[in-house]
Amino acid sequence: MNRAWAVFKAHPYISNVVGYTTLFASADVIQQSVLGGKHAAGATSDGSAGIDWCQTARVATVGFCFHANFNYHWLRWLERMLPGGGVKAVTGKVVVDQLVAAPLTISAFYIGLSLLEKKEDPLEDWRQKFWTSYKAGVVFWSTMQAVNFALVPPVARTVFLGGIALTFTVFLCHLRQQHGHKLE
């Protein structure tokens, strides 16, 4: 375990991005296998356990290309701007995170997947599901980020965030698969 921690500390960017991307893909597999996700239009599956691996690859791509990289740099920036783990610093980080990062990451999730699926209207899912996702996220993420900023060392924050994001990404993947009605 000490050796793994040494590698992690020596290469925090690579460790954080690979870890976060893996957790994002895992969230989609969990959503599909446990919650019975519907296959996206035009997607193909190899039939194993009913998992749409193309969908999982798209979720992993969005996780890698945007979320993992954004969160790695975002968390470092937040720590520089509001250093420390005291109540005032943690509260400031949580508020800024919910006002800036939350809308960006939720938007990147919905719009990124729609673009990868080559949907005619890449903003349709975003318009229908953004507010539901954001409201749920404010409750969930405010608590989780307070723990992250107060208790997790900065070098491990992106991976911790990825672990917590596993749960929220399962929710987003499931919500995204709900078709035919507007959510509020």
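Residues numbered from 1 in each chain as written. Predicted model: local features only at pLDDT ≥ 70, side-chain atom pairs only at ≥ 80, totals over all residues. Heavy atoms only, no water.

## Focus: the overall build of the protein
Phase 1: Looking only at helices and strands, one finds six helices and zero strands in the protein.
Phase 2: Beginning at the N terminus, the succession of helices and strands in the protein can be written as α-α-α-α-α-α.
Phase 3: Buried positions account for 44% of the 184 residues belonging to the protein.
Phase 4: Restricting the contact set of the protein to residue pairs at least 6 apart, pairs at least 24 apart contribute 71%.
Phase 5: Accessible area of the protein: about 9400 Å², with a carbon and sulfur share of 69%. (Helix = DSSP H or I, 4+ residues; strand = E, 2+ residues; numbered from the N terminus. Buried < 20%, exposed > 50% of the residue type's maximum accessible area, 1.4 Å probe, protein only. Contact = heavy atoms within 4.5 Å. Areas by Shrake-Rupley, 256 points an atom, 1.4 Å probe, with all protein chains shown as cover.)

## Digging into empty space enclosed by the protein
Phase 1: Applying the stated rule across the entire model yields one cavity of 30 Å³ or more.
Phase 2: Of the voids in this model, the largest cavity is the one considered here, and its volume is about 240 Å³.
Phase 3: Surrounding the largest cavity, 21 residues form its lining, Tyr20, Ala102, Thr105, Trp141 and Phe168 being those nearest its centre.
Phase 4: At the level of elements, helix 2 (12–34), helix 3 (53–81), helix 4 (87–116), helix 5 (124–151) and helix 6 (157–177) are the ones that each hand at least two residues to the lining of the largest cavity. (1 Å grid on protein atoms, 1.4 Å probe; cavity = no way out; pocket = protein on both sides within 12 Å on 5 of 7 lines; lining within 4 Å. Points joined across faces, edges and corners; volume = space filled by probe spheres on them.)

## Topic: the packing of helix 5 against helix 6
Phase 1: Here helix 5 crosses helix 6 at 155°, and the two axes come no closer than 10 Å. Here helix 5 is positioned roughly antiparallel relative to helix 6, judged by the angle of their axes. When the axes of helix 5 and helix 6 are compared, the crossing they make is right-handed.
Phase 2: For the contact of helix 5 with helix 6, the residue count by class is 14 nonpolar, six polar and four charged. (Axes fitted to C-alpha atoms, helices over the stretch in contact; angles between N-to-C directions. Parallel < 35°, antiparallel > 145°, perpendicular 65-115°, else oblique. Left-handed = near helix turned anticlockwise from the far one by under 90°. Nonpolar A, V, L, I, M, F, W, Y, C, P; charged D, E, K, R; others polar.)

## Quick notes on the pattern of salt bridges
Phase 1: Tallied over the full model, the rule gives nine salt bridges.
Phase 2: Arginine 58 is the salt-bridge partner of glutamate 117, the closest N and O atoms lying 3.7 Å from each other. Of this pair, glutamate 117 sits in the loop between helix 4 and helix 5 while arginine 58 sits in helix 3, and the two are 59 residues apart along the sequence.
Phase 3: What makes glutamate 117 buried here is its relative accessible area of 18%. (Salt bridge = Lys/Arg side-chain N within 4 Å of Asp/Glu carboxyl O.)

## Remarks on helix 4
Phase 1: Along its 30 residues, helix 4 runs 40 Å from first to last C-alpha, staying within 8% of the 44 Å computed at 1.5 Å per residue.
Phase 2: By the largest-angle criterion, glutamine 98 marks the main kink of helix 4, which is about 40°.
Phase 3: Of the residues one or two after helix 4, lysine 118 is the one with positive phi, at around 55°. (Expected span 1.5 Å × (residues − 1). Bend = angle between axes of the 7 residues up to and from the residue.)

## Here's the deal with the packing of aromatic side chains
Phase 1: A complete count under the given rule lists 15 aromatic pairs for this structure.
Phase 2: With a centroid separation of 5.7 Å and an interplanar angle of 10°, the aromatic rings of phenylalanine 70 and tryptophan 74 are classed as stacked. With phenylalanine 70 and tryptophan 74 both in helix 3 and four residues apart, this pair spans about one turn of that helix.
Phase 3: Look at phenylalanine 70 and you get buried, because its relative accessible area is 18%.
Phase 4: Classification of tryptophan 74 as buried rests on a relative accessible area of 10%.
Phase 5: Between tryptophan 131 and tyrosine 134 the ring centres are 5.9 Å apart and the planes differ by 85°, which places this aromatic pair in the edge-to-face class. Of this pair, tryptophan 131 and tyrosine 134 both sit in helix 5, three residues apart, which is roughly one turn of that helix.
Phase 6: Exposure remark for tryptophan 131: the relative accessible area of 54% places this residue in the exposed category.
Phase 7: Aromatic rings pair up to connect Tyr20, Phe24, Phe109 and Tyr110 into one cluster. (Phe/Tyr/Trp six-rings, centres within 6.5 Å; stacked < 30°, edge-to-face > 60°.)

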